[in-house]
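# Report on the structure
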Amino acid sequence: MSPSFVPLEDPPSFQRWAAAQWRRPNDSTIYGATEIDMARSLELVERLREEWGIRVTVTHLVTKALALAIARHPRSNAKVRFWGKLERRTTVDIIVLVAGEDGDLSAHRIAAADELPLRDLCTQVIEASERIRRDADPQFRQSRDLVRRIPWWLMRPFLSVASLCMNELHIDLSRIGLPVDLFGAGMVTSLGMHGIDEGYAPLTPIGRIMVDVLVPRVRQSVWVEDGEITIRPTLKLCATFDHRVIDGVQAARLGAEIRALLTDPDGLL
């Protein structure tokens, strides 16, 4: 028996406007968050700052945890190519978003981040961030200047052609700041320094990343453990996933893996 329908009587004006304004859903993103007790991670950050003499941050730990979680679930390390064809990356590359002094956003890509020792990962991100903020990173200047030269009416066609070259044809455009597989498996975006408690970053279409993890601030929260109420430093880690690559169950497994690594961070070393 086929379903039957009757007109919706006297819908509100906003509902009529909304139904006409937006087209049918075609967005593949899914969202998820997990709250993590960061007490041991903060202790590790302080210890490593003293031992290594560099400014280790929570963002560095999250980046390493994300890379390890993806490596342990290799089916998630995939991108969509050629009319929906899925291909798995052979390395776990993670990109960390960095803001320049003038507000322009750039990013540093960490190749094989799961295999890189945590100290090397921290040093690499710190040095790349300093170069970008001093406007001393040639690749950042190159890509920024290119974008500034393109008129607004050519930007969308340019990005379409660039995406075709990088993501479909795997043509290396490094000479203009656009290498093959620009972003890798995932992105880490840190906004904790701006006092953000929760937020979700969009998936950049040209990047073809599987996940964008937003790192808000660590804050003191009421925490219940074994029936006891305490105050703990917590982090509400927020993620945007590409549903074409992983489903809700796989996303939950990644989240559980990251939460376990940050709750007991010795596994990051």
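Our subject is the structure listed above.
The text that follows walks through the structure, step by step, so that each part is easy to find. All values reported here derive from a predicted model rather than from experimental measurement.

## Looking at the packing of helix α3 (residues 58-72) against helix α7 (residues 248-263)
- Put simply, α3 and α7 touch, their axes get as near as 9 Å, and they point 135 degrees apart. Looking at the two axes, α3 sits oblique to α7. As for how α3 packs across α7, the hand of that crossing is right-handed. Every residue of α7 that contacts α3 at L61, V62, A65, L66, L68, A69, I70 and R72 is listed here: L254, E257, I258, L261 and L262.
- Across the contact of α3 with α7, the residue classes break down as eleven nonpolar, no polar and two charged.

## Quick notes on α3
- Along its 15 residues, α3 runs 21 Å from first to last C-alpha, staying within 8% of the 21 Å computed at 1.5 Å per residue.
- For α3, a buried count of 13 out of 15 residues is recorded, marking the element as mostly surrounded by other parts of the structure.

## Brief notes about a nonpolar patch on the surface
- Where nonpolar side chains cluster on the molecular surface, the patch consists of F82, W83, L164, L169 and I171 and spans about 570 Å² of accessible area.
- Take F82: it is sitting in the loop between β2 (78-81) and β3 (85-88).

## What to know about the pairing of strand β6 (residues 186-190)
- Counting buried positions over the five residues of β6 gives four, a clear majority of the element.
- As paired strands, strand β4 (residues 94-99) and β6 are joined by three bridges and run parallel to one another. Following the sheet pairing, V96 is matched in β6 by V188.
- Sheet topology note: the β6/strand β7 (residues 211-215) ladder contains five bridges and is parallel. Looking at β7, one finds that T189 is bridged to L214.

## Comments concerning the pattern of salt bridges
- In total, this model carries 17 salt bridges according to the counting rule given.
- For R47, the salt bridge is made with E51, and the minimal N-O distance between the two is 3.4 Å. Residue R47 and its partner E51 are both found in helix α2 (residues 39-52); the two are separated by four residues, about one turn of the helix.
- In this structure, D181 engages R89 in a salt bridge whose closest nitrogen and oxygen atoms are separated by 2.7 Å.

About the thresholds
- Residues numbered from 1 in each chain as written.
- Predicted model: local features only at pLDDT ≥ 70, side-chain atom pairs only at ≥ 80, totals over all residues.
- Heavy atoms only, no water.
- Axes fitted to C-alpha atoms, helices over the stretch in contact; angles between N-to-C directions.
- Helix = DSSP H or I, 4+ residues; strand = E, 2+ residues; numbered from the N terminus.
- Parallel < 35°, antiparallel > 145°, perpendicular 65-115°, else oblique.
- Left-handed = near helix turned anticlockwise from the far one by under 90°.
- Contact = heavy atoms within 4.5 Å.
- Nonpolar A, V, L, I, M, F, W, Y, C, P; charged D, E, K, R; others polar.
- Expected span 1.5 Å × (residues − 1).
- Buried < 20%, exposed > 50% of the residue type's maximum accessible area, 1.4 Å probe, protein only.
- Patch = residues over 30% accessible without salt bridge, like charges linked within 9 Å, V, L, I, M, F, W, Y side chains within 5 Å.
- Areas by Shrake-Rupley, 256 points an atom, 1.4 Å probe, with all protein chains shown as cover.
- Salt bridge = Lys/Arg side-chain N within 4 Å of Asp/Glu carboxyl O.
- Pairing = 2+ DSSP bridges.

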